[in-house]
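# Per-entry structural report
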Amino acid sequence: MIKLKPELFAALDTRDGLLNGLQQAIQLEHATIPTYLYALYSIKPDSNTEIQELIRSIVIQEMLHMGLVCNILNAIGGSPVINRPEFVPQYPGPLPGAVESELIVPLARFSLDLIKNVFMVIEEPETPLNFPVRAFAAAPPQTIGEFYTAIKQQIMERGQSIFGHHPEKQVKVQVGENELIKVTDVNSAVHAIEIIVEQGEGTITSPLRGEGSDIAHYYRFAEIYHGKTLIPNPNAPPDAPDDQKYLYGGDPIPFDPNGVLPVIENPKAALYPAGSPARLACDTFNPTYTSILNTLQESFTGNPHQLGHALGLMETLSGQATDLMAIDLGNGTHAGPSFEYRPDSP
């Protein structure tokens, strides 16, 4: 369970505090992406395909969540800051956004322990539904979901008067079934926040989003951990408690440990010898990652058409990560990308 410091909530009742809170939310949404991608890239291309698809779908939505918060921040007169070294978290380390938790987030190869002890902790809702197969701990207050709820409340209380800023900076895109919507008023801002929370955590009575049948991130990770899809409980009576209406008992989601590369944890470019294949590959990956952040900065500060270029760079990044993780370091491990910001990159 990720918890946020109380002072971050307290500051939301001022304009600057609300703008800062949204910037913190952008950083928090982004910070999950490298750790999810590292685990995804560590899976051999033709292995554990169901798991790959589940993680990839979550990453796509995390990217769109980051975009939604950028749209909200622009709509109320702020400006996202993305392409700065301090925007990128240090791995291993806590998540940004004033996160107060014992959770240390690594760049690590895929494993069921990583899913259970890191990814599910990141995505755990305030009140997780304890479906049969495994129970989850009760949730304390002041979680990420509650942070978004507090932001939504402040926006609703301040009303339409805070909107109307820089409509030309709004970014809209459709990625498969997922949509990055424009934010122009209270209703669209509230809708954007509800998308973020429901896709990540589900609703308080269902593992599904408020719309459609898309399972929230927390429960998708739980499907991977339990090795079975989440399905309606065929034996649940009509008046069954919410946590008895579903169970992890559907199609298997098999995990083959041999289908994961033995990549090192928490790499840094400087750890690879100068001129070595691993160093050269890592020094190719990091400028591409930096270019993605630079392009996202352009996209959300007045040039929304650049978003397509950023999505193209993501495909390039994936190929570079695959090449890097194929490099045998000669000690039983393989190299991995370090997700470091390079200010001198275009």
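Our subject is the structure that appears above.
These lines cover the structure that appears in this document, whether it is placed above or below.

Conventions adopted
Residues numbered from 1 in each chain as written. Predicted model: local features only at pLDDT ≥ 70, side-chain atom pairs only at ≥ 80, totals over all residues. Heavy atoms only, no water. Helix = DSSP H or I, 4+ residues; strand = E, 2+ residues; numbered from the N terminus. Buried < 20%, exposed > 50% of the residue type's maximum accessible area, 1.4 Å probe, protein only. Expected span 1.5 Å × (residues − 1). Phe/Tyr/Trp six-rings, centres within 6.5 Å; stacked < 30°, edge-to-face > 60°. Core = buried A, V, L, I, M, F, W, Y, C linked by side-chain atoms within 4.5 Å. Contact = heavy atoms within 4.5 Å.

In this section: the environment of Pro277. Within the fold, Pro277 resides in helix H8 (residues 277–299). Take Pro277: its relative accessible area is 57%, and that puts it in the exposed class. Along the sequence, Pro277 and Asp328 sit 51 residues apart, while their C-alpha atoms lie 9.5 Å from each other.

Okay, helix H2 (residues 15–41) next. Along an α-helix, residues three or four apart share an orientation, since each turn contains 3.6 residues. Helix length check: H2, at 27 residues, gives a terminal C-alpha distance of 40 Å against a target of 39 Å (1.5 Å per residue), a fit within 8%. For H2, the buried fraction is high: 24 of the 27 residues fall into the buried class.

Turning our attention to the packing of aromatic side chains. Counting across every chain of the model gives eight aromatic pairs. With 6.4 Å between their ring centres and 45° between their planes, Phe147 and Tyr148 make a pair best called tilted. For Phe147, a relative accessible area of 2% gives the class buried. Consider the rings of Tyr289 and Phe339, whose centres lie 5.2 Å apart with planes at 80°: the pair is edge-to-face. Taken together, the residues span a long stretch of sequence, with Tyr289 in helix H8 and Phe339 in the segment after helix H9 (307–325) at a distance of 50 residues.

Another aspect to go through is the nonpolar core. Phe110, Phe163, Phe221 and Phe339 are the most contacted members of the largest nonpolar core, which totals 109 residues. When residues of this core are assigned to their parent elements, the largest contribution, 14 residues, is made by H2. If we skip the residues at most four places from it in the chain, Phe110 touches Ala39, Ser42, Ile43, Ile51, Ile55, Ile115, Ile224, Phe255 and Val260.

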